[in-house]
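# Observations on the three-dimensional arrangement
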Amino acid sequence: MHLSTRPIPILRRVALTGAALLAATAAVPQASAAPVPDDRTAAGGGLSAVIRYTENGIPHILARDYARLGFGTGWAQAADQVCVLADGFVTVAGERSRWFGAEAAPDFSLSSATKNLSSDLYFKGVRESGTVEALLATPAPAGPTKDLKELMRGWAAGYNAWLAQNEVTDPACKGVGWVRPVTTADVAARAFAVSVLGGQGRGIDGITAAQPPGAAGTPTGPSARPQPADPQPADPQAADPQAADPQAADPAAAAEAAREFFDTGRYDMGSNAVAFAGSTTANGRGLLLGNPHYPWHGGRRFWQFQQTIPGELNVSGASLLGTAVINVGFNEKVAWSHTVATGTPVNLHQLALDPTDPTAYLVDGKPESMTRRTVTVPVAGGAPVTRTQWWTRYGPVVSDLGPSLPLPWTARTAYALNDPNAVNLRGSDTALAMGKARSVAGIQDALGRTQGLPWVNTVAADSAGGTLFTQTQVLPRITDELAARCSTPLGRATYPASGLAVLDGSRGDCAIGSDPDAVQPGVFGPAKAPTLQGAPYAENSNDSAWLANADRPLTGYERIWGNVATPRSLRTRGAVEDVSAMAARGRLTVADLQEQQFANRVPAGDLAAADAAKACADLPGRTATASDGGAVDVSAACGVLAGWDRTTDAASRGALLFDRFWRKLTASTPAKDLWLVPFSAADPVRTPRTLNRAAPGIGRALADAVAELKAAGIALDAPLGEHQFVVRGGRKLPVGGGTEALGVWNKIEAPWNAAAGGYPEVTHGSSHIQAVGWDGGRCPVARTLLTYSQSSNPLSPYYADQTRMYSEERWVTARFCERDILTSPKLKVVLARERR
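Residues numbered from 1 in each chain as written. Predicted model: local features only at pLDDT ≥ 70, side-chain atom pairs only at ≥ 80, totals over all residues. Heavy atoms only, no water.

The tally for this structure, following the rule as stated, stands at 38 salt bridges. Among the ionic pairs, Asp-659 bridges to Arg-663, the shortest N-O distance being 3.1 Å. With a gap of four residues between them, Asp-659 and Arg-663 both fall in helix H19 (residues 655–668), about one helical turn apart. Residue Glu-808 pairs with Arg-810 through a salt bridge whose shortest N-O separation is 2.7 Å. Residue classification places Glu-808 among the partly exposed residues on the basis of a relative accessible area of 40%. Within the structure, one salt-bridge network assembled from shared partners comprises Glu-481, Arg-485, Arg-507 and Asp-509. (Salt bridge = Lys/Arg side-chain N within 4 Å of Asp/Glu carboxyl O. Helix = DSSP H or I, 4+ residues; strand = E, 2+ residues; numbered from the N terminus. Buried < 20%, exposed > 50% of the residue type's maximum accessible area, 1.4 Å probe, protein only.)

Encoded structure:
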């Protein structure tokens, strides 16, 4: 039950003062707080903000303008996550090699670079080229708004003020030289890195390794990759990208590699989100369950808080670290979450090179010289490394998109990567606009006006009972017509398979066009985004928009947005089954959302466990041959599989055995051999199904799983939580949930380590969870959970508190309205301010 939430009278009259807060607190008998001075008297006239902490260290930041709001946000984030934040600023400054060595790997939170050196070459090049400063100077709407720039300025000042006034106690960075003050440009550089995570950020190794064939600047040293052989003698076909090139990428292999490269099921980011309309709920108001799947460690963690400027903004939720705004959250009227989208955020342009100069390319027969970007990176314990990157009108030349998708730079051909998010610094403006929205229509308007989301879908519900799914994201404007007309042979293979277009860069008529409603050239306008409004439910689990509602499938969009009429992941299938059944049952409440989050149903188990148990029992002598050729007695496994409850609850017996068996089976057996009933686009949620009990891989996978568990000393019917857990403060915390392969909504990914007891640490999965509804009052009804807790500092009281709650399937009751905040028994009020 919520207390009365009518505005406290003194807060109506005073924009923001510590005295007002003190008076308001005194009016609430249960609250207690130390006297707080007026923030406008901060020493030297610097920035300041009031931070009210409630249970679980969740800060509610109160300020009277955007610079001060950013100040409080930067201060509070630094207090919880200074080491992780500082590490990220080293990344975007291009100084990882200086501090941590060239050969070491980054934490992959701000790019997919595999070594510090390649990360530094790219990010230092970005900074030295003035890319971020140019984006900051771009007028809105193509560039960031004044409010956002003030937020970023304030965030940097707040982070710096915390550093200046507090001792760093986190062992991860206590006393090190790389924890330093930052600037607004540093904050913007971090936002830029997040924007290009799905594009240039995934191609950094290929961007920094690309060198012309036979050039003296061919890479050497730590980040070198094998380069193409010396060029063949020039010939008349050299200027024709359609001509056969003996060194060119293989289209068939490239198609499969591109499909895997852009497969959202393989990312360390994912998510589920569902919105329910008023027609399905107990009170006619909307409901939203957001369940992002993000890394548990490093710089891509979420951080939970509330931001309030009285009369201007009041929003609660979570942001990615280093971000000054709330990315997923709710306010009095609307709630939203994001899921990683299937839109392919980049395309390639295949360049026809000048036969006399491999660093010049032809457009309509006229040569254009590439632009050199020469970067020098300092390296710990060694000489600085200098490399040259090569840029074109389309973007940087790239030598590969991952090891499986080589894009060789030969005498005839090179490939340039077009990433429209490399000129998009609007993502935080989109989040800020959504925080001010009052309905799902307002969310859609915010998305359309700002157009800043680089690689996610949006799912939203509002207090009036409305729902929204939309894939409004920044994508290169590749229409199916353009791809058909301008694809090279490579593109004719990769585009249908993955949405990766490879266009003929030698033809001016193959340039990417613009939509009239787009705020930047070369991208789709929001009118082209797959969108579903007002459906009884709208759900996404990282497959394409097609089945956001299985009864109202979305079709007709260009291939680059995603596919249609293709098999869905087990997580999507299970999610659609669950939420459609919930919508049909009706009378839903926030409690139903909470139950769904921790149901831990295993779609793979429902489909296959009974048949796997029968296949086990049918084995001659209940003995199977393992991969090493040894015979394994699997008789005990048959009963365990048959008796398993088909969940990944921590107490579930048999879940671990099925998990290990299923991973091995699906890794070695193609889907066409696994199921007796194949996929049907007419029945996409229930197909494929019926396990092929005669599949030869079943016995081998059973034998391998049984042998593996026995060798590790793990009982076949051991409770899952005894072997899927995390250790915090010396305490072992069981963790429920399951992997992508099992299709579990409550996704948990943990590396197998038999010597350490099974799955001894979670790497990514459920993160900032929110279940939100409304009851007709002024306050949303919200339950939240930050699975890995607010702080990375093991000395913090908020290092593991919510992780324990997640282990026990307990929730935080959100404190959104003033009276709820001020009546918190854990209330702590901090006036954060600059000292000048």
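Taking strand neighbours across the sheet as the criterion, the three strands line up as E13-E14-E15 in an open arrangement whose pairing is antiparallel. Unpaired on one side and paired on the other, strand E13 (371–379) and strand E15 (395–396) mark the two borders of the sheet. Where E13 and strand E14 (residues 382–392) come together, eight bridges link them in antiparallel fashion. Across the sheet, residue Thr-376 finds its bridge partner in E14, namely Thr-386. Packed on one face of the sheet, helix H5 (residues 116–128) meets E13 and E14 and runs near 125° to E13. (Pairing = 2+ DSSP bridges. Contact = heavy atoms within 4.5 Å. Axes fitted to C-alpha atoms, helices over the stretch in contact; angles between N-to-C directions.)

With glycine set apart, most residues show a phi of negative sign, and most peptide bonds adopt trans. Note the cis peptide between Ala-140 and Pro-141, where omega equals 10°. Positive phi, close to 145°, is recorded for Ser-271, a residue that is not glycine. In the Ramachandran plot, Thr-690 falls in the positive-phi region, its phi being about 65° despite a non-glycine side chain. Relative to the assigned elements, Thr-690 resides in strand E25 (residues 689–691). For Thr-690, a relative accessible area of 31% puts it in the partly exposed group.

Now for helix H7 (residues 146–165). With 20 residues, H7 should reach 28 Å at 1.5 Å per residue; the first-to-last C-alpha distance of 28 Å fits that figure. Every buried residue of H7 is accounted for by Leu-148, Leu-151, Met-152, Gly-154, Trp-155, Ala-156, Ala-157, Gly-158, Tyr-159, Ala-161, Trp-162 and Leu-163. Where H7 is buried, its residues contact helix H3 (66–92), helix H6 (131–137), helix H8 (184–195), strand E6 (302–309), helix H11 (427–436) and strand E33 (828–833). (Expected span 1.5 Å × (residues − 1).)

Buried together is how nonpolar side chains tend to be arranged in soluble globular proteins. Counting residues in each nonpolar core, the largest one holds 178 residues, and the members touching the most others are Tyr-159, Phe-276 and Leu-401. Of all the elements, H3 adds the most residues to this core, at 15 residues. The residues touching Leu-401, leaving out its near neighbours within four places in the chain, are Gly-203, Phe-261, Phe-262, Leu-348, Leu-407, Leu-417 and Leu-500. If you look at the next biggest cluster of nonpolar residues, it comprises 45 residues, including Val-632, Leu-641, Leu-665 and Leu-709. (Core = buried A, V, L, I, M, F, W, Y, C linked by side-chain atoms within 4.5 Å.)

Okay, the packing of aromatic side chains next. Overall, the coordinates contain 23 aromatic pairs when judged by the stated rule. Taken together, a centroid distance of 5.4 Å and an interplanar angle of 15° make the contact between Trp-155 and Tyr-159 stacked. On the criterion of helical spacing, the pair formed by Trp-155 and Tyr-159 is a turn pair, its members being four residues apart in helix H7. On the basis of relative accessibility, which here comes to 0%, the residue Trp-155 falls in the buried class. Judged by relative accessible area, which is 0%, Tyr-159 ranks as buried. Considering the side-chain rings of Phe-598 and Tyr-806, the 5.7 Å spacing of their centres and the 50° angle between planes classify their relative orientation as tilted. Of this pair, Phe-598 sits in the loop between helix H16 (590–597) and helix H17 (603–618) while Tyr-806 sits in helix H22 (residues 801–807), placing them 208 residues apart in sequence. Since its relative accessible area comes to 3%, Tyr-806 is described here as buried. (Phe/Tyr/Trp six-rings, centres within 6.5 Å; stacked < 30°, edge-to-face > 60°.)

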